[in-house]
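Spelled out from the first residue to the last, the chains are:
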Amino acid sequence: MRGMTPLTAVSRTQGNNRAVKDGSITPAGFRLEFEEVPVLVQAFRRMVRDLEFDVCEMAVTTYLCAREHGVRFTALPVFLVRGFHHGAIVVNRRSGVEKPRDLEGRRVGVNRGYTVTTGVWARGILADEHDVHLDDVTWVPSGDEHVATYVPPANVVPAGPGADLAAMLRDGEVDAVVGALEVDDPDVVPLLPDAEEAGFAALAERGHYPVNHLVVLRDDVLAEHPGAAQAVFDAFDRGKAAYVEQLRAGTIAEPTAVDRMHQRVMEITGGDPLPYGLDANRPVLDELVRHAVAQRILRGPVDVYALFAVRG
C-alpha cells in the first residue's frame, strides 16, 4: 500500500465494518491501522481525554458532550451500532416498583456514567412512552464521565468508587438499574415486559431506531488531509453495503443476535437496517439531542448538521 497515508484507528469488529477491519476495503489514499482495545469504552475515554487515535468509534452522546466541551474531533455519519433500549432497565421486585412511574422518588442506578448513550435512550423511553418525570428520580451512576469537565444535574448522585450496582440492587440501595447488568437474583427482572417486542413496536409505530455509536476523526487530521473524512466515510459505507447484501441474501453462516436484529429491522421497514449519512438519520439525531437537552447533558439544542464533517 505504498503512497497511502496511515491513520491509527479503533473500531470493534462486527458485520458492517468487517471488510474495513480486515483491509479488503480501504479509504481512497489512506491505510487504517487498527488497534484492538478489548473494552471499547476504554478507547472512547482515551480518545476523549487524550485524542490517542486518528479515527475512533465513539458513543454518540459521549461525542455530543465532548464537542460541547471543546474536544477537537468531528464525527462522520457512520452509525456502526444501533439498537433498542426498552430492556435496559431492570428492577428489584422487592422494592415495590411495578410500573415506570413508580421510579419517581426512587434511586435508580446507572451502569457507568450518566451520559452513557444507553442510559440516555432508556430514560428517553421512560419519558416519551411512560410519562416518567425524570427530574423526580435520583440517578446513581457507578462510574465517572468520559468528559471530565461535564457537571451533571443535582439529581445525579454518584455511587462512589468501587460501587457494585448488582449488590446495591439486591440490597435495596437502589430500586432499579439502567444499563447492562447481570444480577443473580430471581427478583431482579426487566421493568418493561416483552422489551424486545416493545422496541420493534416503537420502530414500526414511530420510527424509533436509536443510534449508539458513530465514528470520529481528530480535527488536526481533517485539517492536514481534507479528503480523509469523505474517504473514510465511503469505505465504511461500502463495507456496510456488502454486509446488508449478505443479510438480504441470507448468506451469513452463523448469524449473531445483532445480525438477527438487523434482519428483523429490514422486515419491519423494508429498507436498509443500518442507514448511514445525515439526511436519513436527521430525525433520530434530533430525537437524541432533545433527550440530551432534557436530561441536561447538553446545555441547549444543536444543529446536527454542524456536528459532522460530511453529510454522507
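Calculation rules
- Residues numbered from 1 in each chain as written.
- Predicted model: local features only at pLDDT ≥ 70, side-chain atom pairs only at ≥ 80, totals over all residues.
- Heavy atoms only, no water.
- Core = buried A, V, L, I, M, F, W, Y, C linked by side-chain atoms within 4.5 Å.
- Buried < 20%, exposed > 50% of the residue type's maximum accessible area, 1.4 Å probe, protein only.
- Helix = DSSP H or I, 4+ residues; strand = E, 2+ residues; numbered from the N terminus.
- Expected span 1.5 Å × (residues − 1).
- Arc of directions from axis to C-beta.
- Contact = heavy atoms within 4.5 Å.
- Phe/Tyr/Trp six-rings, centres within 6.5 Å; stacked < 30°, edge-to-face > 60°.
- Lys NZ or Arg CZ within 6 Å of the ring centre and 35° of its normal.

Glancing now at the nonpolar core. Formed by 58 residues in total, the largest nonpolar core has its most connected members in Met 58, Phe 73, Trp 139, Leu 214 and Val 216. With 6 residues, helix H10 (residues 278–294) is the largest single contributor of residues to this core. In terms of nonpolar packing, the next biggest core, distinct from the first, is built from 31 residues, Ala 228, Ala 229, Tyr 243 and Tyr 276 among them.

Here we come to helix H9 (residues 257–269). Since one α-helical turn is 3.6 residues long, residues separated by three or four positions face the same way. Between its first and last C-alpha, H9 extends 18 Å over 13 residues, near the 18 Å set by a 1.5 Å rise per residue. Taken residue by residue, H9 has Asp 259, Met 261, His 262, Val 265 and Met 266 as its buried positions. An end-on view of H9 places all buried positions within 160° of arc, on one side of the element. Projecting away from the buried face of H9 at angles above 90 degrees are the exposed residues Ala 257 and Glu 267. Buried residues belonging to H9 abut strand S4 (73–82), helix H6 (195–206) and helix H8 (228–249).

Before going further, it helps to spend a moment on the packing of aromatic side chains. Scanning the entire structure with this criterion turns up 4 aromatic pairs. Taking 6.1 Å as the distance between ring centres and 65° as the angle between the ring planes, the aromatic pair formed by Phe 79 and Phe 308 counts as edge-to-face. Highlighted residues: Phe 79 in strand S4 and Phe 308 in the segment after H10, separated in sequence by 229 residues. Like Phe 308, Phe 79 is buried. Relative to Tyr 209, the ring of Phe 84 lies with its centre 5.5 Å away and its plane at 25°, an arrangement referred to as stacked. Here the residue Phe 84 occupies a position in the loop between S4 and strand S5 (89–92), and Tyr 209 occupies one in the loop between H6 and strand S10 (211–218), the gap between them amounting to 125 residues. According to the relative accessible area criterion, Tyr 209 is buried, its value standing at 6%. Put simply, the rings of Phe 84, Phe 200 and Tyr 209 touch in pairs and so form one group of aromatic residues. Geometry around Tyr 209 places Arg 82 over its ring, the cationic atom sitting 4.3 Å from the centre.

What follows deals with the environment of Asn 17. Relative to the helices and strands, Asn 17 is located in the loop between strand S1 (5–10) and helix H1 (18–21). The class for Asn 17 is buried, based on a relative accessible area of 1%. Linking Asn 17 and Ala 223, residues 206 residues apart in sequence, is a C-alpha distance of 25 Å. What Asn 17 contacts, discounting residues up to four positions off in sequence, is Ser 11, Arg 12, Leu 80 and Phe 236.

As far as function goes, none of this settles anything; it's purely spatial.
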